[in-house]
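Spelled out from the first residue to the last, the chains are:
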Amino acid sequence: MSALIIIFCLIIGGQCSFHRTPLNAVKRIGDTVVMRCCTNENDDRQCGNLTWMRYKPNSPSEFDVILMFSNVSNKFSDHISLVNSSDGDCDLKIKVQTSSDAGRYECTNASTEEIASAELIVLDSDPECVVKTNDDSYSVTCSVRFVGNWAPEINWSGQGDATIEETASDSPDREIRRTVTLPRTRKIDGKETGITNYRCTVKFTGKGRPDGITATNVPDYKWTSIGFGA
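Residues numbered from 1 in each chain as written. Predicted model: local features only at pLDDT ≥ 70, side-chain atom pairs only at ≥ 80, totals over all residues. Heavy atoms only, no water.

**Q** Sorry, what's going on with the nonpolar core here?
**A** Taken as a class, soluble globular proteins show a tendency for nonpolar side chains to be buried jointly. Counting residues in each nonpolar core, the largest one holds 25 residues, and the members touching the most others are M35, W52, L67, I80, L92, I94 and L120. The set of elements that each furnish at least two residues to this core consists of β3 (32–35), β5 (50–55), β6 (63–68), β9 (91–95), β10 (103–109) and β11 (114–123). Looking at this core element by element, the count peaks at four residues for β11. Ranked by size, the runner-up nonpolar core spans 22 residues in total, among them V144, I176, C200 and Y221. (Core = buried A, V, L, I, M, F, W, Y, C linked by side-chain atoms within 4.5 Å. Buried < 20%, exposed > 50% of the residue type's maximum accessible area, 1.4 Å probe, protein only. Helix = DSSP H or I, 4+ residues; strand = E, 2+ residues; numbered from the N terminus.)

**Q** Would you mind going over the pairing of β9 with me for this structure?
**A** For a regular strand, side chains alternate in direction, first toward one face of the sheet and then toward the other. Pairing geometry for β3 and β9, over four bridges, is antiparallel. Bridge pairing links V33 to I94 in β9. Note that strand β8 (residues 80–83) and β9 share four bridges and pair antiparallel. Residue pairing for β9: V83 is matched across the bridge by D91. (Pairing = 2+ DSSP bridges.)

**Q** Teacher, can you tell me more about the layout of surface pockets here?
**A** It is the rolling of a water-molecule-sized probe over the atoms that shows where space remains empty. There is about 150 Å³ of room inside the second largest pocket. Lining the second largest pocket are T21, P22, L23, N24, A25, V26, K27, V33, V34, R36 and D220. Looking at the lining of the second largest pocket, the elements that each hand over two or more residues are β2 (25–28) and β3. Broken down by element, the lining of the second largest pocket gets its largest block of residues, three residues, from β2. Of the residues in the lining of the second largest pocket, the class split is six nonpolar, two polar and three charged. (1 Å grid on protein atoms, 1.4 Å probe; cavity = no way out; pocket = protein on both sides within 12 Å on 5 of 7 lines; lining within 4 Å. Points joined across faces, edges and corners; volume = space filled by probe spheres on them. Nonpolar A, V, L, I, M, F, W, Y, C, P; charged D, E, K, R; others polar.)

**Q** How should I be thinking about the sheet that holds strand β14 (residues 153–157) in this particular structure?
**A** To summarise the sheet geometry, strands pair through backbone hydrogen bonds and adopt either a parallel or an antiparallel arrangement. With respect to topology, three strands assemble into an open sheet ordered β14-β19-β20, the strand pairing being antiparallel. With partners counted over all chains shown, the strands left at the sheet margins are β14 and β20 (222–224), one partner each. Direction aside, the axes of adjacent strands within the sheet are offset by 15 degrees on average. As paired elements, strand β19 (residues 199–203) and β20 share three bridges and run antiparallel to each other. From the neighbouring strand, K203 faces β20, where its bridge partner is K222. (Axes fitted to C-alpha atoms, helices over the stretch in contact; angles between N-to-C directions.)

**Q** Is there a simple way to explain the pattern of salt bridges in this structure?
**A** When their charged atoms lie close together, side chains carrying opposite charge are able to pair. Per the stated rule, a full pass over the model turns up 11 salt bridges. The salt bridge partner of D64 is R54, with a shortest N-O separation of 3.0 Å. Taken together, the residues D64 in strand β6 and R54 in strand β5 connect sequence positions 10 residues apart. R54 matches D64 in its accessibility class, with the two residues each being buried. Salt-bridge contacts for K75 lead to D64; the nearest nitrogen and oxygen are separated by 3.3 Å. (Salt bridge = Lys/Arg side-chain N within 4 Å of Asp/Glu carboxyl O.)

Dropping the structure here:
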């Protein structure tokens, strides 16, 4: 089935055998996520004709077969299990062990050739902010390391003027940094006052996908730092 038909089936709402599909997710190592997939087909076999595969981040041709014929591969059975396996239900429960669990998970219905997929983005840990002090100013760098096909956004917000710099790495184990440089004081109505309440926010938006498609199923993740200021 072509990509156009798949998108029509899942997004526009055409006639499709799926009535529950997986959602994009952001998880840290040690977290658990359930990738859901269920068809309208009434099949006595567990999972029916459904198969789960995972495509590695930034490597669309590399994939692993997670589940076939209602059985989880021995390679993954220590942290991936099958739940709700009846009447077309075929949900995967994933205990995120390492960043290698990230990628695009695809549930395929062999009888109709329809595909439902979702991205799993893995964070090594929560984002962090580091302060560096200079003579007349100081800088705060907020960074996040992630593995997956969907990049987060880092934004600074606060009072007053600030110089903001950003760097990003395109390696599979990616890191995004965003630095704000704050003067120790600034003048308001002729009076010097400290810079206060600058905060860093890390979140995902619909524009972070590598294929350029603006998504509506945005991963539910948001992190905000403490306030920084003199």
